[in-house]
Amino acid sequence: MAVIEVAGLRKAYRGRGVLDGVDFQVAEGEIFGLLGSNGAGKTTTVECCEGLRRADGGTVRVLGLDPVRQAHRLRARIGVQLQQAQLQDALRVGEALELYASFYPRAHDVADLAARWGLGELRRTPFGKLSGGQKQRLFIALALVGRPEVAFLDELTTGLDPAARRETWQLIRQVRDSGVTVVLVSHFMDEVEALCDRAAVLDRGRIVAAGTPQELIARAGVAGTLSFRPTAPLELALLAGLPGVATVTERAGRIEVTGTGGYADEVTRLLAGRGLVVTGLRIHERSLDDAFVALTGRDHLN
Ligand code: ADP
């Protein structure tokens, strides 16, 4: 069942089109990533789903509700990650959680939630005294305190160190496994690849591709690279004729093969079939990062 349905969504700011017919669906109980470079329209799209912005055209349904006309009913069933500026420095962690819990009819127990997100010891600490990572965890906990059916998380792990990012991903998987649908706005490809069940790539106000991270990589047709040194002569034409192989080059005794699909398996099968031992084997796996560049024609950092 689709928990979010967006069709033909259009939005302009002062006559300048930002969303130009955005279409996507989010299924119940999945972690869905909305990917795009800065300015692509991710926040605008999500704010239209949250009922914070009114679309100029198209339809948006979240849990079957119109986010603007049925805002009140929807608000009780979704959780939204705040932006930095939205909390007062003097507000203590425990107070913030209690305050947000009071907005919802079936909120989580604040002590339990604080403990789960590593905030148990910090309940008396003012927001302004928290580290970047602690603030981030508080924002996530606040988005979840009302037991939402859909949680919208924006730039989830900004400011977290690598270990804390992995820990956060694990907690978000648990949130998903408890039945919550998670929408993740991100420009971190590794995060989307590691965490999302499905993702959509937004570029210049349109969705240019949607699917599982693996499907996006396959659809982008980006080539992987395999290179090695053969210990006996090998005719390059044999490699070039294999299914999926795009290019074969040799430089200073090292052979480099690029290709898509099952090209790497084909190469290893050929080598094994000839009993050819290789050394210095290197494989560059295709990543979502490569796919993003191929799909949008731009570097995601720009
Ligand atoms: P993203 O989240 O992908 O970075 P946004 O949805 O925030 O993209 O912004 C898309 C475009 O709309 C950007 O060019 C941005 O400058 C512009 N924009 C966003 N909000 C407003 C606003 N309130 N008024 C005018 N322009 C805006």
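Note that the structure is a prediction, hence the values are computed from the model and not measured. (Residues numbered from 1 in each chain as written. Predicted model: local features only at pLDDT ≥ 70, side-chain atom pairs only at ≥ 80, totals over all residues. Heavy atoms only, no water.)

A. Region of interest: the domain arrangement of the protein chain. For the protein chain, the domain assignment lists domain 1 (2–77 + 148–218) and domain 2 (223–285). Placing the centre of domain 1 and that of domain 2 at their C-alpha centroids yields a distance of 40 Å. (Domains from an automatic or database assignment.)

B. Focus on the pattern of salt bridges. Tallied over the full model, the rule gives 12 salt bridges. Note that Arg-206 is salt-bridged to Asp-20, the shortest N-O span being 3.3 Å. Of the two residues, Arg-206 sits in strand β9 (residues 206–211) while Asp-20 sits in strand β2 (residues 16–27), which places them 186 residues apart along the sequence. On the basis of relative accessible area, Arg-206 is assigned to the partly exposed category, the value being 43%. Salt-bridge contacts for Asp-177 lead to Arg-176; the nearest nitrogen and oxygen are separated by 2.8 Å. Looking at Asp-177, the relative accessible area reads 58%, which means it is exposed. By relative accessible area, Arg-176 is classed as buried at 17%. Through salt bridges that share partners, Arg-61, Asp-66 and Arg-69 make up one connected network. (Salt bridge = Lys/Arg side-chain N within 4 Å of Asp/Glu carboxyl O. Helix = DSSP H or I, 4+ residues; strand = E, 2+ residues; numbered from the N terminus. Buried < 20%, exposed > 50% of the residue type's maximum accessible area, 1.4 Å probe, protein only.)

C. Main features of the packing of aromatic side chains. One pass over the structure, following the stated rule, counts three aromatic pairs. On the numbers, 5.4 Å between centres and 10° between planes, the contact of Phe-24 with Phe-32 is stacked. Judged by relative accessible area, which is 8%, Phe-24 ranks as buried. An angle of 55° between the planes, with centres 5.7 Å apart, marks the rings of Phe-127 and Phe-139 as tilted. A residue pair is termed long-range when its members are at least 10 positions apart, and Phe-127 in the loop between α4 (110–116) and α5 (132–144) and Phe-139 in helix α5 qualify at 12 residues. Assigned by exposure class, Phe-127 and Phe-139 land together as buried. A cation sits over an aromatic face here: Lys-135 above Phe-127, 5.0 Å from the ring centre. In this structure, Arg-165 packs its charged tip against the face of Phe-188, placed 5.2 Å from the ring centre. (Phe/Tyr/Trp six-rings, centres within 6.5 Å; stacked < 30°, edge-to-face > 60°. Lys NZ or Arg CZ within 6 Å of the ring centre and 35° of its normal.)

D. Local environment of the confidence of the model for the protein chain. On average, residues of the protein chain score 91 in pLDDT, and 98% of them are at 70 or above. Averaged pLDDT values for the elements of the protein chain fall to 83 in helix α11 (residues 288–296) and rise to 98 in strand β4 (residues 57–62). (pLDDT = per-residue confidence, 0-100.)

E. Examining helix α1 (residues 42–50) more closely. Extensive coverage of α1 is indicated by the burial of eight of its nine residues. Every buried residue belonging to α1 is among Lys-42, Thr-44, Thr-45, Val-46, Glu-47, Cys-48, Cys-49 and Glu-50, and all of these are buried. Positioned one or two residues after α1, Gly-51 has a phi angle of 85°, which is positive.

F. Representation of the nonpolar core within the structure. Leu-97, Trp-117, Leu-138 and Ile-172 are the most contacted members of the largest nonpolar core, which totals 49 residues. For this core, the element with the highest residue contribution is α5, accounting for seven residues. Ignoring anything within four residues of it in the chain, the contact list for Ile-172 reads Ile-31, Trp-117, Ile-140, Leu-153, Leu-156, Val-182 and Leu-195. Counting 27 residues, the second largest nonpolar core, distinct from the first, contains Val-3, Leu-19, Ala-40 and Leu-74. (Core = buried A, V, L, I, M, F, W, Y, C linked by side-chain atoms within 4.5 Å. Contact = heavy atoms within 4.5 Å.)

G. Structural context of the layout of surface pockets. If you add up the space inside the largest pocket, you get close to 530 Å³. Taken together, 23 residues make up the lining of the largest pocket; nearest its centre are Glu-50, Leu-52, Arg-75, Val-80 and Leu-82. Put simply, the parts of the chain that give the lining of the largest pocket at least two residues each are α1, α2 (71–75), β5 (78–80), α5 and β6 (150–154). Here the lining of the largest pocket takes four residues from α1, the largest share from any one element. Residues of the lining of the largest pocket, tallied by class, amount to 13 nonpolar, six polar and four charged. One number sums up the size of the second largest pocket: a volume of about 220 Å³. Lining the second largest pocket are 17 residues; nearest its centre among them are Gly-39, Ala-40, Gly-41, Lys-42 and Thr-43. (1 Å grid on protein atoms, 1.4 Å probe; cavity = no way out; pocket = protein on both sides within 12 Å on 5 of 7 lines; lining within 4 Å. Points joined across faces, edges and corners; volume = space filled by probe spheres on them. Nonpolar A, V, L, I, M, F, W, Y, C, P; charged D, E, K, R; others polar.)

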